[in-house]
Every structure is written in C-alpha cells, then in structure tokens.
Amino acid sequence: MMHLARLLAVILCLSALPLTAWAGAWKRPVDTGFSATTFTLRRTETGLENEFAFYRDFGVSPLFDLGIDLNQAGLSSGHVMLFARLPLRQQHRGTRIATELALGTGHSDRGWNPMYRFTLSAGRSFSTKRGRIWSSLDLNYEKRGHEPDPLWKLDASFGVQSGRRVAPMLQFETAFGSNRDLSYAVIPSLRIKLSGLKLPQQKRFKDSEVTIGLEYRRAAQQSLGLRIGLWRRF
C-alpha cells in the first residue's frame, strides 16, 4: 500500500507538468519511425557491469504503431519484446496519451520465460524564448513468467528542444513491487545533433543525435555509470 500511495502521489505531481513526443505518448506518422541504441557501463560495489538496449518503433497505420524492445544487462538478465502502441488522445494542443501492450520473453538466472508489459504514457510540450520545453511520463506494469508478483515502473524525462546543436535532458527511472525495495536511477544527459557535422556518410546521420549521460542508480547496490546512445528518426 505504501508503494501504491507513493506512485499515486508522483503521478499527481507530474500530471500537472507540461508533458512530449520523445516517449510512447506520441503516435508516429505513417511510414516514419524512431530508433534508439544505448550502451551503459556501470561501476558497482562488485565491479564493472554493462547493459545494452535497442528500441525501434514504426508508424504502421493511423490507428497504431508497432515496435521492438531489446535489453541485455551483462549476462544476468535481458528481454526481447514486440509491442503495439494505440493512441488515446493525440490533439496538437494539450496532453497526448497513448497505451502500449508488449509481449515477449525474458531471462534471468532461472532461464527464459514469457513476459508481458502494459504501458500508459503521457506527453506534452510548450514553447519558450529558449526553445520548446518538453517532458514525458511512462507508467509500466510488467509481469515475468517466473516472478510471483508484477513489477511496476514509473519513468519520467524532461528536456529542451531548440535550434542549438546541444540540448539538456534529465531522466528518472523507478521500479518497485510487492516484497521488493524501491529502486531508482537519475540520468542527466546531453543530446548532440549530428546533422551538419562533417561525418562519413553524412546523409545517414541527417536526423540523428548522440546522447551522453551520467547515471546514478540505487538498487540492490549503488552504482555510477556512463550512458551513451544513438537516436535516429527515419
């Protein structure tokens, strides 16, 4: 009950913020998509750990998007999931809302097991003199086959979109459930546009960004990490 009370309090606080399209709240236009490839290296109390993640979605029709979500944390755990995004509210002004249903399989020390995830996302942005301020909120209900209880996740992202090459971003990630302590991560980052830079195969990176961030994570043990990602729109 305490976890649920905390969750509701956070949602009420964040729902008053202007929430945008960098997360699952935004319906992709048909025949367009987005991909993110991320690598994280963490220093923990027991040594170095690494994590690889790949995400890609695509606007299939005016009614839904399809995508894939891959994750591998060292050799200990990971998942492969396919998801469908259904837009619930997509007006140009105000908060946009969408939901996702993901099905797949995950593994841990106990081997591979089926899993599913339900996500409710909200997003919004507004213009200022310094650029477009945006934020996003994702609430996840995740159930793995070998786990007796579901896992709840609440993630939030905030940033600025402008004509400048470098833009700031701040992300929060939380996870909690029955018989499980609250874990969280704080990741301040910089987004760097690659368009206009003299790079090999410049056309390939026309709509791409590199993200570089520091991650502080508090879970079973504390860790500090470096997170590097490549975002592409196509």
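Thresholds applied
Residues numbered from 1 in each chain as written. Predicted model: local features only at pLDDT ≥ 70, side-chain atom pairs only at ≥ 80, totals over all residues. Heavy atoms only, no water. Helix = DSSP H or I, 4+ residues; strand = E, 2+ residues; numbered from the N terminus. Buried < 20%, exposed > 50% of the residue type's maximum accessible area, 1.4 Å probe, protein only. Phe/Tyr/Trp six-rings, centres within 6.5 Å; stacked < 30°, edge-to-face > 60°. Polar contact = N/O pair within 3.5 Å; in protein donor to acceptor, adjacent residues only side chain to side chain. Salt bridge = Lys/Arg side-chain N within 4 Å of Asp/Glu carboxyl O. Pairing = 2+ DSSP bridges.

K.L.:
I tried to follow the overall build of the protein on my own but got confused; where do I start?
P.N.:
Counting its secondary structure elements, the protein contains one helix and twelve strands. Ordered by position in the sequence, the α and β elements of the protein form the string α-β-β-β-β-β-β-β-β-β-β-β-β. Looking at the protein residue by residue over its 234 residues, the buried ones come to 38%.

K.L.:
Can you walk me through the packing of aromatic side chains in this structure?
P.N.:
When we look at a pair of aromatic rings, we describe it by the centre distance and by the angle of the planes. The full count for this structure, using the stated rule, is eight aromatic pairs. With a centroid separation of 5.5 Å and an interplanar angle of 15°, the aromatic rings of Tyr55 and Phe83 are classed as stacked. Separated by 28 residues along the polypeptide, Tyr55 in strand 2 (residues 47–59) and Phe83 in strand 4 (residues 77–89) bring together distant segments of the chain. On the basis of relative accessible area, Tyr55 is assigned to the partly exposed category, the value being 21%. Among the aromatic residues, those joined into a cluster by ring pairs are Phe34, Tyr55, Phe83 and Trp231.

K.L.:
How should the side chain of His79 be read in this particular structure?
P.N.:
With respect to the helices and strands, the residue His79 is situated in strand 4. Owing to a relative accessible area of 9%, His79 belongs among the buried residues under this scheme. Within the local environment of His79, its side chain forms a polar contact with the side chain of Asp69, the two groups lying 3.2 Å apart.

K.L.:
Looking at this structure, I do not really get unusual backbone geometry. What am I missing?
P.N.:
Phi is mostly negative for residues that are not glycine, and the peptide bonds are mostly trans. With a phi angle near 70°, Asp31 is a residue other than glycine that sits in the positive phi range. By secondary structure assignment, the location of Asp31 is in the loop between helix 1 (2–15) and strand 1 (33–44). Relative accessible area serves as the criterion here: at 57%, Asp31 is assigned to the exposed category.

K.L.:
Hey, could you run me through the pattern of salt bridges in this one?
P.N.:
Side-chain pairs of opposite charge can arise where the charged atoms are in close proximity. Counting across every chain of the model gives 16 salt bridges. We note a salt bridge from Arg42 to Glu215, for which the minimum N-O separation is 2.4 Å. In this pair, Arg42 is assigned in strand 1 and Glu215 in strand 11 (residues 208–218), connecting sequence segments 173 residues apart. On the accessibility criterion, Arg42 (6% relative accessible area) is buried.

K.L.:
Explain the pairing of strand 2 to me, please; I cannot follow it from the model alone.
P.N.:
Look at any regular strand and the pattern is simple: side chains alternate between the two faces of the sheet. In terms of strand pairing, strand 1 meets strand 2 through twelve bridges, oriented antiparallel. Its bridge partner lying in strand 2, Ala36 is registered against Tyr55. From the end of strand 1 to the start of strand 2, which pair antiparallel, there are two residues. In sequence, strand 2 turns back onto strand 3 (residues 65–73) through a hairpin of five residues.

Honestly, it's all geometry; don't read function into it.
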